[in-house]
Structure formats: C-alpha cells, structure tokens
Amino acid sequence: MSVIYDRVALIGLGLIAGSMAHAMREHGLAAEITGYARSAATRETARDIGLCTVFDSAAEAVAGADLVVLAVPVGAMGEVMAEIAPHLAPGATITDVGSVKQSVIDAVAPHVPPGVHFIPGHPLAGTEHSGPRAGFATLFRNRWWLLTPLPDADPDAIARLDRLITAMGAKTDRMEAGHHDLVLAVTSHAPHLIAYTMVGVADHLRRVTDEEVIQYSAAGFRDFTRIAASDPTMWRDVFLHNREATLDILGRFTEELFVLQRAIRMGDGQHLHDYFTRTRAIRRGIIEAGQDTGAPDFGRTPQAKPVT
Ligand code: NAP
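Nothing here was measured: the structure is a model prediction, and the numbers come from that model.

Here is what the cut-offs are and how they apply
Residues numbered from 1 in each chain as written. Predicted model: local features only at pLDDT ≥ 70, side-chain atom pairs only at ≥ 80, totals over all residues. Heavy atoms only, no water. Near = heavy atom within 4 Å. Polar contact = N/O pair within 3.5 Å; in protein donor to acceptor, adjacent residues only side chain to side chain. Areas by Shrake-Rupley, 256 points an atom, 1.4 Å probe, with all protein chains shown as cover. Helix = DSSP H or I, 4+ residues; strand = E, 2+ residues; numbered from the N terminus. Nonpolar A, V, L, I, M, F, W, Y, C, P; charged D, E, K, R; others polar. Pairing = 2+ DSSP bridges. Right-handed = clockwise from strand over helix to strand, strands pointing away. Axes fitted to C-alpha atoms, helices over the stretch in contact; angles between N-to-C directions. Parallel < 35°, antiparallel > 145°, perpendicular 65-115°, else oblique. Left-handed = near helix turned anticlockwise from the far one by under 90°. Contact = heavy atoms within 4.5 Å. Domains from an automatic or database assignment. Buried area = accessible area lost by both parts, 1.4 Å probe. Phe/Tyr/Trp six-rings, centres within 6.5 Å; stacked < 30°, edge-to-face > 60°. Buried < 20%, exposed > 50% of the residue type's maximum accessible area, 1.4 Å probe, protein only.

So, the site of the ligand
Residues in close proximity to the ligand total 28 residues, the closest being Ser39, Thr42, Val72, Ser99 and Gly131. Within the contact set of the ligand, an oxygen atom lies 3.0 Å away from a side-chain nitrogen or oxygen of arginine 38. Contact distances for the ligand include 3.4 Å between an oxygen atom and a backbone N or O atom of valine 97. When the ligand is considered free in solution it has 900 Å² of accessible area, and contact with the protein chains removes 85% of it. Those elements that provide at least two residues to the shell around the ligand are helix H1 (15-27), helix H4 (77-84) and strand S6 (117-123). Among the residues making up the shell around the ligand, the classes are represented as 15 nonpolar, 11 polar and two charged.

See below:
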C-alpha cells in the first residue's frame, strides 16, 4: 500500500497508539511515525521496542506532522491538545481514539487552531492490556472505527483519515457524537461496569474463599475477570465522561434485573426461557456480523494444567 501521511505523531504510547504504529508500519502507510508519552519510563520502553521515533516533548513530536493522534485517557485529551496546539503544522489533521466522543469534542475543539482539521474517532477494538508493549498490528482488523466529525469538517481530510483506518484493516462508519456515546454505553461501558461489579461481589463473598473463586472459575465469571482487568484510569475516565448515557443504561439494566429476579422468585420458567431465547439471538447476530467467533468458549484452546 502507499503512504497516506508523511508524518504521523502519536501522543500517548499505549495499546491503541502502539497498535496503530505497528499497523501503519506493516502496511507502509506513514513515511515517518513519531511519538510522545508523558512518563520517561513509557518513552524508554517505546524506544527499546522501536515503536516509533520518540521525543521528550509533545511539541517536538507534533512538529511538521500532517496527522496527530491523541491516544491518552479521555480526561486528559483537553490538556494535551492545549499543550500541542501552538506547535501544529498548518493544514494538519488531529484525531483522537477516545472511547467517549462528546466530552472529548467539548474539551479539544476550543483549542484547535484555524486551518487545522479535527476529526474525532473511536476504534472499537481493544484488549485488557495496556502500555506500549501491548500493541499489535492486527488489533483493528475487521473491527469498526467510528468517526464523529463536526458538521463543518473538511470532507477531504475525513476521506484521507478514512483511507488510513481502512488500510489498517478496520471498517469505518460515521455517527453523531451524542448517539455514539449512547450506543457505546449499551455495548461497552455498562457491560464493563457490570463486570467490575460482579468481580467485586465475588471478592466480597466470604462464603467462598478467594481460592475457590479462582480455582473453579467457570466461563461466565472468568470472562468477567478479563474485562474487569482493563486499565483503571481509562475506565474511570469513560464513566466520568459518559455519565448521563451510562446512568440511563444502568437504570434500564436494573429494571430488567428486577424483572428476572421476580421471575426466579415466582418460579416463572416460561419468562426466563423466553428471555434467554431472545438474548441468544443477539449473540448469533454478533457472530453473523463477523464481530466474534462462534467457536465454543470464544475459541480458546483448553490449557493443560502445568505439572508442578
Ligand atoms: P494505555 O495503553 O493505558 O496508554 C495510555 C497512554 O496515555 C500512555 O502513554 C500514558 O502515558 C498516557 N497518559 C495517561 N494519562 C495521561 C495524562 N493524564 N496526560 C497525558 N498522557 C497520559 O491506553 P489505551 O488503551 O491505548 O487507551 C488510549 C485511549 O484509547 C483512551 O482514550 C481510551 O479510551 C481509548 N480506547 C481504548 C481501548 C482499549 O480497549 N484499551 C479501545 C478503544 C479506545 P504514560 O504511560 O507515560 O503514563
């Protein structure tokens, strides 16, 4: 594939920025990739693994870049944008990868200098790992990457960013920021909170010891623990910045939970069966849409217990 941007600057060098660096390099999409992270330790790691050309200041990293990617926690976007704004090249595009869109737009847009294009985005791809070593080139393959451009955004700048994202293997779609936040509250944010809660409940349950919870963790709980291992800073910011939509979905969730609780109490098997039949169809839809594997246990290979 051919070069789409001459110089891409990654601000924040974690899972998402790292995966972008690998994917862009693998497909030859950027002539040069620069980067900056706030801690010396992260910058050092990124240098050690040859992630990109790492600078000790954000200003140096963005100088002359025609694409700048903000890949820091949602709550840090505004501050980072304010810091780099005076150093941006005229005509550059700024995008972000934050999991919440409206609050990022509110925090970033006021700092965008005239002549610089701001196109907010969100790759619907991730793992529970974080940091520069966590990235890998195929993270975005066949995943959605939503763009939430403002109404006056430059169509050519959007099309160019779209080409980069598609070339990294993802599928793009456009959405209004507020709508994005509601959709993600249902599909990602509330489920994460429920996973955190369930793992917290198990942790507090004194009737089963921690050892038993770990030793006999069946698929349901084990999958919750994977989600609940996600980065605490990132998820704290997601909930604080998508507050209304998450609270709305959690309210609906609580109502549904009470209905199921009542069905169990009343021995209403028909209600439970009908409900689980509907939810099973949603799982089938996700597999048919290519967003997960239909293999049993999410395609995991059973691990033999190590001999001690
Ligand atoms: P990550 O691996 O934890 O990396 C975060 C990076 O941001 C690190 O380089 C960190 O620098 C830097 N950072 C943290 N706090 C900062 C602050 N206050 N000011 C400046 N820099 C700061 O995170 P990630 O998973 O790549 O997530 C980055 C963004 O992508 C987030 O906005 C997240 O919502 C979004 N996202 C994540 C996922 C996912 O599943 N992980 C999926 C889609 C979108 P140091 O290492 O130096 O502290």
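That shown, we press on.
Brief notes about the pairing of strand S8 (residues 171-174)
In the sheet, strand S7 (residues 144-147) pairs with S8 via four bridges, with the strands oriented parallel. Looking at S8, one finds that tryptophan 145 is bridged to threonine 172. Crossover connection from S7 via helix H6 (residues 155-167) to parallel S8: handedness right-handed.

Points about the packing of helix H11 (residues 243-266) against helix H12 (residues 269-288)
The relative placement of two packed helices comes down to the angle between their axes together with the axis-to-axis distance. One way to put it is that H11 packs onto H12 with a least axis distance of 8 Å and a crossing angle of 140°. By the angle class used here, H11 and H12 are oblique. Here the hand of the crossing between H11 and H12 comes out left-handed. Of H12, the residues touching H11 (which contributes Glu256, Val259, Leu260, Ala263 and Ile264) are His271, Leu272 and Tyr275. Within the contact of H11 with H12, the residues separate by chemical class into six nonpolar, one polar and one charged.

Remarks on the domain arrangement of the protein chain
Split into domains, the protein chain comes out as domain 1 (5-175) and domain 2 (179-294). Each of domain 1 and domain 2 has a C-alpha centre, and these two points are 30 Å apart. Domain 1 puts 20 residues into the contact, and the matching count from domain 2 is 18 residues. A combined buried area of about 1500 Å² lies between domain 1 and domain 2, and 59% of that area is made up of carbon and sulfur atoms. The largest contributions to the domain 1 side of the interface with domain 2 come from Val100, Glu128 and Met175, which together make up 34% of the buried area.

Quick look at the packing of aromatic side chains
Taken as a whole and assessed by the stated rule, the structure comprises three aromatic pairs. Between tryptophan 235 and phenylalanine 239, the ring centres sit 5.9 Å apart and the planes meet at 45°, which makes this aromatic pair tilted. Here phenylalanine 239 and tryptophan 235 lie together in helix H10 (residues 232-241), a separation of four residues that amounts to about one turn. Residue classification places tryptophan 235 among the buried positions, given a relative accessible area of 6%. Summarising the aromatic geometry, the rings of tyrosine 275 and phenylalanine 276 are spaced 6.4 Å apart at their centres and angled 90° between planes, so their arrangement reads as edge-to-face. Residue class for tyrosine 275 comes out buried when judged on its relative accessible area of 18%. Using a relative accessible area of 48% as the deciding quantity, one classes phenylalanine 276 as partly exposed.

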